[in-house]
Amino acid sequence: MDATLTYTKAVSINRISGAETDATAVLDRVRSFHARMPALSLDSYRRTIIDRACRALLNQAAPGEVDYRLQPHVIEELKRIGDDGLPRYIFYRYRYDVFPLIHELDAYPPCVQIEPTSICNYRCVFCYQTDAAFTKGRNGHMGQMSLETFRRVVDEIEGEVEAVTLASRGEPLLCKQITEMLAYLRHKFLALKINTNAWYLDEKKAHAILDTEPNTLVFSADAADPELYAKLRVNGTLDRVMKNVRRFAEIKAKHYPDSRTITRVSGVRYSEEQNFDELEKFWHDFVDQVAFVDYNPWENAYELPANGKTEPCSDLWRRAFVWWDGRVNPCDVDYKSALSPGVVGKQSVSELWRGEGYGKLRSEHLNDGRQGVTPCRSCVVV
Ligand code: SF4
C-alpha cells in the first residue's frame, strides 16, 4: 500500500457543522503519548497497531503504510477522551478507518452494531421498513433482543471492541428493556453510539442515556420544515421530536454539565427540497453537531439492478451487526440476512467474524466476484 494513499473511504458523513476541524491540539497529545509509549504496558499486537497509527497521524508513516488523517467528528471525540483512554481509542479508530482500506483483520470487528429491536414506529421513505416482506410478523424478521442475548454479546466484546452502536434496522428506544440495556453498557465502551428518531425520548430515557454517557447520541432528522419532515419520516412529526430533543438538551445541561456525550442531528440527503443551512439553523441551539449523510438506496436492495461495482466493500473489514435474535450480519443493506454467517450462541462474535461464511464473502469481494452476490451486486457501499 502506497504511503501517499489518501484516506477517504470511511467518510460517510457528507457534511457536518459544529465539529472541530483543527487537529493541532489533538495531534500534540498524540505526539506526547507516542513519546511515552515505550514505558506503557501494552500487549505486543496493540503496541504495533497503536505505533503504526501514531506514526501515520504524525506524518511518519513508513513506506507501504497508509497516510492517515482525522475527520472532524473524530477530532471532536478525541478532545473529550482523557490521556488514559488514548491508547484504546487510537487502537480502535485506526483499525476502523484504515483496516478496510488494506483488508487487514484481527480477532474482532473494529465496530459492532447491536440491534435492540428490528421494529420501528416510522416508515421513512428511504428505509427498508417500507418493505412489507420485512415488516410482516410471520416472516420472522421482527422482534426484540432478550437481555440474555444482549449481555452475552456485551460480555464477549467488552475490552476487545470500543465502538458499539446501539441501533440497526429498528428504533432502539422502542425496545421494552432499553433502560436495562443502557445501564449494562455503562463505562464499558469508549466509542458507544446510539441512533434514535427521538420519538420515544421521554425524561426517563433521557436520564438512562445520560447516565450511560455514550460518546455520541445521534438524532435522525432530515428537515427543518414540518411538512417536509412528515413527508420523509412517515408517521413522525417534527414538533414532537424537536420538543423531545430540546428537553434532552435541558436535562443534559442541568443535571450532567460535565457529560462527554456529543449530540448530533443527522439527516439523510434524499430530496432536492432539503436544505442543510436551514437544518443547521433549526437544530444548532439544541445539539452539538448537525450533519447530512448520503442516501444509500437500501429500501429495495434486493430488487435493484446490478451496478457493475467490483470494489470490495469496506464494511466487511469494519463492522459486524448483531440483530435482535443473535443473528450476525455484515451490513444492514442486507436487511433480510441473505449474507449472514451465523448466530451468536452457537458461535462467538469473534468466531463468526473470522469464520468460513465471512471468509467466503470477503474472498468473493477481493476476487472480482461482488457482482455475483445479492444484494452486493446492486449496493453502492465501497
Ligand atoms: S450488501 Fe454487500 S456491498 Fe453492500 S454493504 Fe452489505 S456486504 Fe457491503
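As the structure is a computational prediction, the values presented were derived from the model and not from experiment. (Residues numbered from 1 in each chain as written. Predicted model: local features only at pLDDT ≥ 70, side-chain atom pairs only at ≥ 80, totals over all residues.)

Before going further, it helps to examine the overall build of the chain. Assigned secondary structure in the chain consists of 14 helices and 10 strands. Computed over the C-alpha atoms, the radius of gyration of the chain is 20 Å, within 12% of the 21 Å expected from 2.2 N^0.38 for a compact globule of 382 residues. For the C-alpha atoms alone, the extent of the chain along its principal axes is close to 55 × 50 × 45 Å. Restricting the contact set of the chain to residue pairs at least 6 apart, pairs at least 24 apart contribute 77%. (Helix = DSSP H or I, 4+ residues; strand = E, 2+ residues; numbered from the N terminus. Rg over C-alpha atoms; globule rule 2.2 N^0.38 Å. Contact = placed C-beta atoms within 7 Å.)

A word on the site of the ligand. Near the ligand, the surroundings consist of Cys313, Asp315, Leu316, Pro330, Cys331, Val333, Asp334, Leu339, Pro375, Cys376, Cys379 and Val381. Here the shell around the ligand is built from residues that sort into 10 nonpolar, no polar and two charged. (Near = placed C-beta within 6 Å. Nonpolar A, V, L, I, M, F, W, Y, C, P; charged D, E, K, R; others polar.)

This part takes up the pairing of strand β4 (residues 191-196). Of all six residues making up β4, five are buried, and the element is well covered by its neighbours. Alignment of strand β3 (residues 163-166) against β4, held across four bridges, turns out to be parallel. Bridging across to β4, valine 164 finds its partner in leucine 192. Of the pairings in the sheet, the one linking β4 to strand β5 (residues 216-220) comprises four bridges and is parallel in character. Along β5, the bridge assignment pairs threonine 196 with phenylalanine 219. For the crossover from β4 across helix α8 (residues 203-212) to β5, the handedness is right-handed. (Buried ≥ 20, exposed ≤ 12 C-beta atoms within 10 Å, placed from the backbone. Pairing = 2+ DSSP bridges. Right-handed = clockwise from strand over helix to strand, strands pointing away.)

For helix α4 (residues 86-102), which comprises 17 residues, the first-to-last C-alpha distance of 23 Å matches the rise-based estimate of 24 Å (1.5 Å per residue) to within 8%. Considering bend angle alone, the principal kink of α4 is centred on tyrosine 96 and spans about 35°; proline proline 100 follows within four residues of it. Counting buried residues in α4 gives 14 out of 17 residues, a clear majority hidden from the surface. Once α4 finishes, histidine 103 follows within two positions and takes phi at roughly 55°, a positive value. (Expected span 1.5 Å × (residues − 1). Bend = angle between axes of the 7 residues up to and from the residue.)

For the rest of this paragraph, the subject is the nonpolar core. Ranked by internal contacts, the top residues of the largest apolar core, which has 94 residues, are Ala53, Ile90, Val112, Val164, Val322 and Val349. The contacts of isoleucine 90, once residues within four sequence positions are left out, are Ile50, Ala53 and Cys54. (Core = buried A, V, L, I, M, F, W, Y, C linked by C-beta atoms within 7 Å.)

Attention now moves to the packing of helix α6 (residues 147-157) against helix α7 (residues 178-185). The N-to-C vectors of α6 and α7 enclose an angle of 20°; their axes lie 11 Å apart at closest approach. Regarding the angle of α6 to α7, the classification is roughly parallel. Here α6 runs over α7; the crossing is right-handed. Contact residues: α6 offers Leu147, Phe150, Arg151 and Val154, while α7 offers Glu180, Met181, Tyr184 and Leu185. Here the residues of the contact of α6 with α7 sort into six nonpolar, no polar and two charged. (Axes fitted to C-alpha atoms, helices over the stretch in contact; angles between N-to-C directions. Parallel < 35°, antiparallel > 145°, perpendicular 65-115°, else oblique. Left-handed = near helix turned anticlockwise from the far one by under 90°.)

All right, on to the pairing of strand β2 (residues 111-114) then. Side chains Cys111 and Gln113 of β2 all project onto a buried face; the interleaved residues Val112 and Ile114 project onto the opposite face, where all are buried too. Strand direction decides the pairing type here: β2 and β3, joined by four bridges, are parallel. Paired with isoleucine 114 across the strands is leucine 166, a residue of β3. Relative to strand β8 (residues 319-322), β2 runs parallel, the two sharing four bridges. Paired with cysteine 111 across the two strands is arginine 319, which belongs to β8.

Attention now goes to helix α14 (residues 356-366). Looking at α14, one finds that the buried residues are Tyr358, Leu361 and His365. All buried residues of α14 lie within an arc of 65° about the axis, which places them on one face of the element. Exposed residues lying more than 90 degrees from the buried face of α14 are Glu356, Ser363 and Leu366. Of the surrounding elements, those touching the buried residues of α14 are α12 (315-318) and α13 (349-353). (Arc of directions from axis to C-beta.)

With that settled, the discussion passes to the confidence of the model for the chain. Across the chain, the average pLDDT comes to 93, with 95% of residues at or above 70. Counting contacts from residues 1-11, a segment whose pLDDT is below 50, to residues more than four positions away or on other chains yields 28 contacts. (pLDDT = per-residue confidence, 0-100.)

Bringing the packing of α8 against helix α10 (residues 238-255) into the picture now. Two elements in contact, α8 and α10, have axes separated by 10 Å at closest approach and are oriented at 50°. Classed by the angle they form, the pair α8 and α10 counts as oblique. In the packing of α8 onto α10, the handedness of the crossing is right-handed. Between α8, through Glu203, Ala206, His207 and Leu210, and α10, the contact on the second element is made entirely by Arg247, Phe248, Ile251 and Lys252. Residue composition of the contact of α8 with α10, by class: four nonpolar, one polar and three charged.

Its location among the elements puts aspartate 131 in the loop between β2 and α5 (132-135). C-alpha of aspartate 131 to C-alpha of glutamate 299: the two residues are 168 residues apart in sequence and 6.9 Å apart in space. Sequence-distant contacts of aspartate 131, that is, excluding residues within four places in its chain, are made with Glu299 and Asn300.

This brings us to the environment of serine 41. Take serine 41: it is sitting in the loop between α1 (24-36) and α2 (44-57). Along the primary structure serine 41 and valine 322 are separated by 281 residues, whereas in three dimensions their C-alpha atoms are 32 Å apart.

Turning our attention to the environment of arginine 55. Considering the arrangement of structural elements, one finds arginine 55 in helix α2. Residue class for arginine 55 comes out partly exposed when judged on the 16 C-beta atoms lying within 10 Å of it. When the C-alpha atoms of arginine 55 and proline 38 are compared, they prove to be 14 Å apart, with 17 residues separating the residues in sequence. Once residues lying within four places of it in the same chain are set aside, the contact partners of arginine 55 are Gln60 and Ala61.

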